[in-house]
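Chain by chain, the residues:
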Amino acid sequence: MSFHVNRLQNGESFSNMGQFLHYGFEIEGQHSSTERNPDPHRRFSQTWSIIFRLSCVIAVSLDPLFFYVPVINEENKCIELDKKLRTLAPILRTFTDIICIINIALQFYNGYIDETSGKATLITDPRKIARRYLWPYLVIDILVLLPIPQVAILILFREVRGSKALGIRKFLTAVLLFQYVPRIIQIYLSWKDPMRKANRYAKFPIWFKAAFNFSLYIIASHVLGALWYLLSIERETACWHIACQKQPGCVGSSFNCDDHSLVNHTFLTDSCPIKTPNTTDKPFDFGIFHDALESGVVHSKDFPQKFFQCFWWGLRNLSTLGQGLQTSNYVWESCFTILICIFGLLLFSYFIGNLQLYMQLETARSEKKRKKMKQEREKKEEEERMKMEEKLEMEEKKQTIGIWMFKYRLPREMKKQIMQNIIPKLERKKDVCVENLFCYLPEDTSNAVKRYLCLDLLKKVPVLQNMDEQLLQNICDSLKPVYYKERSYIVREGDPIDATFFITDGIAWAYTSSNGEASSSSSHAERLEKGHFFGEELLELGLSKLSRLPLSPRTVKTHGPIEAFALMDEDLKKIINKNWMHIGKEQMEPFAAYVVQAAWRRHRENKNLERSSHGGRYLPSSGTQGN
């Protein structure tokens, strides 16, 4: 119907074209386009859609103004028109008609989005656009535009005369009611899609949705009150026509106050009395319209007075489903009260049903919001708890590190350097192992701590006592911290010794055994503690021959947790190769012999490689054969 809502069952309005243009669409007769071109009409279409929807609702509220135009002149027993309202009502109606005419023109000018093929397609063919709009939307818009109230009320209502006047007025009233059918359809089609999308996507507050549904009650009460006013006039004129049929010279009167041929109608006061002392003996039963006639609301030209009086009547009886109405035996009056009851029931059911739906949606939304807030609160509490645990863990690690530094009595400056390097890593939530701080320290700081802890211990090893200070420092720098748990084996008897261990904290036992069990010939186990070392066989052999490892003559097992430093055989080889000039005179001869042997072996291998590259055959030397 409207520029925004003109649609097929599977189509979408042109006002939504901007959404489809944003994602790309296919224009009929062209290839699919992936370009995202902006919709130049989108802003105008959205503005116009709002204007048209509001005009549809306003038009329904304006049409009942025509019902208030006729006024009963009780003194002359005739019908006159309220001149101010007669001028104002058509002018207001003209504005809504102009908007509807413009909307009809826009239907033929703009394309629409069709999804019948399974994807959004912009239809721009004028013939398809016209064929889509002609039925039934154009028919509904034309019926809405028909000037039925203007013609029926302002021209025909008081001009009807003769024996068929009652039937003609009934027909005009039916036509007036019929015009509300296309009006309601127009409003439904223009608001259906926006309300559906609003219920699905928009987060309107519940009071706004309740107010929107309650506005239907207000409009319906306004329409029913105005119709009650018009039917009250129609009912009194019906009494006049019936009375005129019994009065000579009165038949054929139109009861138009502007008719100069109007005869004396004073007899109608007795034939159609409004106020009768005996309610059981009435010449004419006005039924539910008696209140309007008795209150004088149909005789007044004060528009606010009769508007609010009629509106109150409509709202009261629509809310109570017409339970307090006392009808006559007039058929159309009974139909009117039935209409009030059914319409009130439908509106009440619609209002309550939507209110319950909105409350359920609001409850679900509130529950969802509550759960979200609860989850956020729990998440926040969990984050705070984790922060607290991390803080406590960091403090605990700081305390452990402090105890470790105090245990080894490190100098103040060395402690400061250690903490300056460890604390940033703790604050960055790095998993710092306090049992092995050396991997987190810079090389200079790590070497300084190792020399402080182990240099004096190295000087106690017999084989290293005559070594140069620089060599001992290099050995200290190559030491690796090792940790063993309680009652664990460091080395077993008969295993190759690949490291020399220097104990810095803890207690271990060294003993010989037979098949893994302590032999009866063993008198005792040697206690190894802080300042002791074992595996010195590697050092003694390493200075002479590095091509083989010694075997352990005893088993070493921890008594409790052990902290130590280990000099690995590979690190020892590297140290000797780089620092052999710093070795003492006692170790020079075997070490020099080892170097000469290694150099000769490499020279012979290079010679064999050269011969093989020239096609020669490998022949071992006589010295090798002699061996």
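Just so we're clear, the structure is a prediction, and the values are computed from it rather than from any experiment.

Rules of the game
- Residues numbered from 1 in each chain as written.
- Predicted model: local features only at pLDDT ≥ 70, side-chain atom pairs only at ≥ 80, totals over all residues.
- Heavy atoms only, no water.
- Helix = DSSP H or I, 4+ residues; strand = E, 2+ residues; numbered from the N terminus.
- Buried < 20%, exposed > 50% of the residue type's maximum accessible area, 1.4 Å probe, protein only.
- Contact = heavy atoms within 4.5 Å.
- Areas by Shrake-Rupley, 256 points an atom, 1.4 Å probe, with all protein chains shown as cover.
- Salt bridge = Lys/Arg side-chain N within 4 Å of Asp/Glu carboxyl O.
- Pairing = 2+ DSSP bridges.
- Axes fitted to C-alpha atoms, helices over the stretch in contact; angles between N-to-C directions.
- Disulfide = S-S within 2.5 Å.
- Core = buried A, V, L, I, M, F, W, Y, C linked by side-chain atoms within 4.5 Å.
- Patch = residues over 30% accessible without salt bridge, like charges linked within 9 Å, V, L, I, M, F, W, Y side chains within 5 Å.
- Lys, Arg positive; Asp, Glu negative; His and termini not counted.
- Charge placed at Lys NZ, Arg CZ, Asp CG, Glu CD.
- Polar contact = N/O pair within 3.5 Å; in protein donor to acceptor, adjacent residues only side chain to side chain.
- Phe/Tyr/Trp six-rings, centres within 6.5 Å; stacked < 30°, edge-to-face > 60°.
- Lys NZ or Arg CZ within 6 Å of the ring centre and 35° of its normal.

(A) Representation of the overall build of the protein in the model. Assigned secondary structure in the protein consists of 19 helices and 16 strands. Every one of the 627 residues in the protein was classed for burial, and the buried ones make up 42%. In the protein, of all internal contacts separated by at least 6 residues, the share reaching a separation of at least 24 is 74%. Looking at the protein as shown, the accessible area adds up to about 36,000 Å², and 57% of this sits on carbon and sulfur atoms.

(B) How the structure looks around the pattern of salt bridges. Under the definition given, this model contains 17 salt bridges. Among the ionic pairs, Glu80 bridges to Lys301, the shortest N-O distance being 3.6 Å. Linking Glu80 in strand 4 (residues 78-81) with Lys301 in the loop between helix 10 (290-295) and helix 11 (303-319), this pair joins segments that are 221 residues apart in sequence. Put simply, Asp63, Arg93, Asp97 and Arg183 are held in one network by salt bridges that share partners.

(C) Quick peek at the pairing of strand 9 (residues 499-505). For strand 9, a buried count of six out of seven residues is recorded, marking the element as mostly surrounded by other parts of the structure. Across six bridges, strand 9 lies against strand 16 (residues 562-568) in antiparallel orientation. Each residue of the ladder has a partner; that of Phe501, found in strand 16, is Ala566.

(D) Expanded view of the sheet that holds strand 7 (residues 480-484). A sheet is described by the order of its strands in space; here four strands give the open sequence 7-16-9-14, paired in antiparallel fashion. In this open sheet, the two strands that pair with only one neighbour each are strand 7 and strand 14 (533-534). In this sheet, strand 14 lies alongside strand 9 in antiparallel orientation, the contact comprising two bridges. Along strand 14, the bridge assignment pairs Phe501 with Phe534. Sitting on the sheet, helix 14 (residues 443-458) touches strand 9 and strand 16, and the angle it makes with strand 9 is about 115°.

(E) The state of the cysteines, seen in detail. Across all of its chains, the model carries two disulfides by this definition. Note on cysteine connectivity: Cys78 is disulfide-linked to Cys257, with sulfurs 1.8 Å apart. Across the disulfide from Cys78 to Cys257, rotation about the S-S bond amounts to roughly 95°, and the bridge is consequently right-handed. Here the residue Cys78 occupies a position in strand 4, and Cys257 occupies one in the loop between helix 8 (206-244) and helix 9 (268-271), the gap between them amounting to 179 residues. A relative accessible area of 23% means that Cys257 is categorised as partly exposed. At a sulfur-sulfur separation of 1.9 Å, the disulfide partner of Cys239 is Cys272. In this structure the cystine formed by Cys239 and Cys272 twists about its S-S bond by roughly -105°; its chirality is therefore left-handed. Of this pair, Cys239 sits in helix 8 while Cys272 sits in the loop between helix 9 and helix 10; the two residues are 33 residues apart in sequence, bridging distant segments of the chain. This pair shows no difference in class: Cys239 is buried, exactly as Cys272 is. Between Cys454, a free cysteine, and Cys476, which holds the nearest cysteine sulfur, the sulfur-to-sulfur gap is 5.8 Å.

(F) Structural context of the sheet that holds strand 10 (residues 508-511). Read from one edge of the open sheet, four strands run 8-15-10-13, paired in antiparallel fashion. Two strands close off the open sheet at either side, each with one partner strand: strand 8 (489-491) and strand 13 (526-528). Ignoring which end each strand starts from, the neighbouring axes of this sheet average 30° apart.

(G) Structural detail: the nonpolar core. In terms of nonpolar packing, the biggest core is built from 60 residues, with Phe67, Ile153, Val298 and Phe336 touching the most fellow members. A per-element tally of this core places helix 8 first, with 16 residues. Not counting residues within four places of it along the chain, the set of residues in contact with Ile153 comprises Phe66, Phe67, Val69, Pro70, Ile148, Leu176 and Leu230.

(H) Fine view of a negative patch on the surface. Taken together, the side chains of Glu378, Glu381, Glu383 and Glu384 define an acidic patch exposed on the protein surface. With respect to the secondary-structure elements, Glu384 resides in helix 12 (residues 331-407).

(I) Representation of the environment of Arg235. Looking at the secondary structure, you find Arg235 in helix 8. In this structure Arg235 comes out as buried when scored by relative accessible area, which is 8%. For the pair Arg235 and Leu166, spaced 69 residues apart in sequence, the C-alpha to C-alpha distance is 9.3 Å. What Arg235 contacts, discounting residues up to four positions off in sequence, is Phe284, Asp285, Phe286, Phe289, Ser328 and Tyr330.

(J) Expanded view of the side chain of Ser221. If you trace the backbone, Ser221 turns up in helix 8. Sequence-distant contacts of Ser221, defined by excluding residues within four places in its chain, comprise Cys310, Phe311, Gly314, Leu315 and Leu318.

(K) A nonpolar patch on the surface, seen in detail. Residues Ile338, Leu339, Ile342, Phe343 and Leu346 make up a contiguous nonpolar surface patch of about 450 Å² in total accessible area. Relative to the helices and strands, Ile338 resides in helix 12.

(L) Spatial organisation of the side chain of Ser328. Along the chain, the position of Ser328 falls in the loop between helix 11 and helix 12. Among the polar contacts listed, one links the side chain of Ser328 to the side chain of Glu333, at a separation of 2.4 Å. The residues contacting Ser328, other than those within four sequence positions of it, are Arg235, Asp285, Gly287, Glu333 and Ser334.

(M) Structural view of the packing of aromatic side chains. Applying the stated rule across the entire model yields 17 aromatic pairs. A centroid spacing of 6.3 Å and a plane angle of 25° characterise the contact between Phe289 and Phe336, whose relative ring orientation is stacked. Of this pair, Phe289 sits in the loop between helix 9 and helix 10 while Phe336 sits in helix 12; the two residues are 47 residues apart in sequence, bridging distant segments of the chain. The same class applies to Phe289 and to Phe336, which are both buried. The interplanar angle of 80° and the centroid separation of 5.2 Å between the aromatic rings of Phe307 and Phe308 together place this pair among those described as edge-to-face. In textbook terms, an aromatic cluster arises when at least three aromatic residues are bridged by ring pairs, as seen for Tyr68, Tyr229, Phe303, Phe307, Phe308 and Phe311. One Lys or Arg, Arg409, reaches over the ring of Phe406 and ends 5.8 Å from the middle of that ring. In this arrangement the basic side chain of Arg492 is found over the ring face of Tyr489, its NZ or CZ atom lying 3.7 Å from the centre.

(N) Geometry of the environment of Met568. The topology assignment puts Met568 in strand 16. Classification of Met568 as partly exposed rests on a relative accessible area of 25%. When the C-alpha atoms of Met568 and Ala499 are compared, they prove to be 4.3 Å apart, with 69 residues separating the residues in sequence. Look past the residues within four positions of Met568 in its chain and what remains in contact with it is Lys480, Asp498 and Ala499.

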